[in-house]
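Overview (structure and organization)
The primary structure of each chain is shown beneath.
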2 protein chains.
Amino acid sequence: MEVTAYAKDCPSRQILDRIGDTWSVLIVVMLADGPQRYTALSKKIQGVSPKMLTQTLRGLERDGLIIRTVHAEVPPRVDYQLTELGQSLLGLVRALEQWAETHIEDVQRARVVYDNPGVKADYAYSAK
Amino acid sequence: MEVTAYAKDCPSRQILDRIGDTWSVLIVVMLADGPQRYTALSKKIQGVSPKMLTQTLRGLERDGLIIRTVHAEVPPRVDYQLTELGQSLLGLVRALEQWAETHIEDVQRARVVYDNPGVKADYAYSAK
DNA sequence: CCGCATCCTAGTGGATACTG
DNA sequence: CAGTATCCACTAGGATGCGG
């Protein structure tokens, strides 16, 4: 997209880039209940390729949201857990879920109305 | 990305797709102070192509977040304003901005540390 | 077990020129 | 003024096979 000027170094944009990333959010949520191993994550998060899983985990680690721990064992064992910062982000994600659950029906109704031009809405969307 | 199973119809995912979209968020913020015309938006939102602006506006309209009003004048005048739902979403965006401003420094420090393996952090990130 | 390297494709989005 | 149409470049991300 290569956005301009102020968008690049804008704190909100940087956070949005992370929040907007499907896998990142899913992983953060998965780690909510405690540390998880790589394999466990790959199983729980249906449809993620190893490539994306690793890539996303690296990104989260880089941003200080999770900690990667390698246990000196054979076979190797690695687990991931949220940092305090990650926990904090989780709070934001929860707020988002909350909003989503509260308003998703409104959104879906709006879509139906929009996609069926003939159909009259039996209620109106009011401006602010 | 073509995510899986539960991710598709998950309310949070649908909202995240919108929240994660750069232009959508920018437009919502731009409309915070009241209705805006197409041209005004294109000027204020540096770097957006007409294609993306229109496309994003349509998406927001479809989701019931904004209202598009065509005034029967010559030359044509169209303006966009937030719905109540859009206002509500704006609240969520503000929360996000808040979090971003509060924690962006932590994230940036984490990145520096991560990108410079040699450098020792003079503080630690603690697990939960 | 954990993950990296490579290849490859499909969709996103930018630039530009044109129209009701 | 407010878009649409066309073309094209880019890159995210899936598949696969190998390495520590």
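The text that follows walks through the structure, step by step, so that each part is easy to find. Only a predicted model underlies this, so the values are computations on that prediction, with no experimental measurement involved.

Right, let's get into the protein's contact with DNA strand C. Neighbouring residues of DNA strand C: 18 residues in total, closest Tyr38(A), Thr39(A), Thr54(A), Arg68(A) and Lys51(B). Among atoms of DNA strand C positioned within 4 Å of the protein, sugar and phosphate together represent 71%. Contact distances for DNA strand C include 3.2 Å between a phosphate oxygen and a side-chain N or O atom of Arg37(A). Arg58(A) has a polar side-chain atom sitting 2.9 Å from a phosphate oxygen of DNA strand C. Secondary-structure elements contributing two or more residues to the surface near DNA strand C are α4 (38–44), α5 (50–62) and β3 (77–82) of chain A together with α5 (50–62) of chain B.

Right, let's talk about the relation of the copies chain B and chain A for a bit. Overlay of chain B on chain A (RMSD 0.1 Å): rotation 180 degrees, translation along the axis 0.0 Å. Viewed as a symmetry operation, the transformation between the two copies matches a two-fold axis. Taking C-alpha positions as the reference, the residue of chain B nearest the rotation axis is Gly20(B), at 1.8 Å. An overlap of 100% is found between the interface residues of chain B and their copies at the interface of chain A, pointing to a shared contact surface.

Conventions we followed
- Residues numbered from 1 in each chain as written.
- Chains lettered and ligands numbered in written order.
- Predicted model: local features only at pLDDT ≥ 70, side-chain atom pairs only at ≥ 80, totals over all residues.
- Heavy atoms only, no water.
- Near = heavy atom within 4 Å.
- Polar contact = N/O pair within 3.5 Å; in protein donor to acceptor, adjacent residues only side chain to side chain.
- Helix = DSSP H or I, 4+ residues; strand = E, 2+ residues; numbered from the N terminus.
- Least-squares fit on C-alpha atoms with pLDDT ≥ 70 in both.
- Contact = heavy atoms within 4.5 Å.

By themselves, these observations are geometric and do not establish any function.
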